[in-house]
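Observations on chain architecture
The chain contents come next:
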Amino acid sequence: MDRQSFENVWDALEETPAESANMTMRSNLLIAIEQRVRSWDVTQAEAANRLGITQPRLSDLLRGRITNFSLDTLINLAALAGLTVRLDIVEAA
């Protein structure tokens, strides 16, 4: 059996480079939002209110349920959390 090496976990799990890129961006955003929300040191209800979502939805975010959030939704939540999202575009290797 040949040993494979991947840039990140999504390259190994997703079928196409596009799907891998999408999941990589989503996971990076989800982690950044989760860290910001936890830094607020408020109840989940208050944090959800700040983000304009329900408490169960916030719970999904804090538990890392990435499949429940689109890239667009995460970008919007990042802005509401006071984060700036920047996209770097480079040529494929």
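The protein goes by Putative conserved small protein in an unreviewed UniProt entry, where it is assigned to Mesorhizobium australicum.

Before going further, it helps to examine the overall build of the protein. Helix and strand content of the protein: five helices and zero strands. By its C-alpha atoms, the protein is 50 × 30 × 20 Å across when sized along the principal axes. Residue pairs at least 24 apart in sequence account for 52% of intrachain contacts in the protein once pairs closer than 6 positions are excluded. Entry remark: accessible area of the protein is about 6800 Å², with carbon and sulfur atoms responsible for 49%.

In this section: the UniProt feature "domain: HTH cro/C1-type" (unreviewed entry) in the protein. According to UniProt, the "domain: HTH cro/C1-type" (unreviewed entry) feature falls on residues 43-89. Across residues 43-89 one finds 55% helix and 0% strand; the C-alpha atoms that close the span lie 37 Å apart.

It is worth spelling out helix H4 (residues 55-62) at this point. The α-helix advances 3.6 residues per turn, and as a result positions three or four apart in sequence lie on the same side. Three or more residues of H4 are buried, namely Leu 58, Ser 59, Asp 60, Leu 61 and Leu 62. Residues of H4 that are buried sit in contact with helix H2 (17-39), helix H3 (44-51) and helix H5 (71-80). Directly beyond the C-terminal end of H4, a positive phi value near 75 degrees is found at Gly 64.

What counts, and where the lines are drawn
- Residues numbered from 1 in each chain as written.
- Predicted model: local features only at pLDDT ≥ 70, side-chain atom pairs only at ≥ 80, totals over all residues.
- Heavy atoms only, no water.
- Helix = DSSP H or I, 4+ residues; strand = E, 2+ residues; numbered from the N terminus.
- Contact = heavy atoms within 4.5 Å.
- Areas by Shrake-Rupley, 256 points an atom, 1.4 Å probe, with all protein chains shown as cover.
- UniProt positions renumbered as here; feature names shortened; annotations may be inferred.
- Buried < 20%, exposed > 50% of the residue type's maximum accessible area, 1.4 Å probe, protein only.

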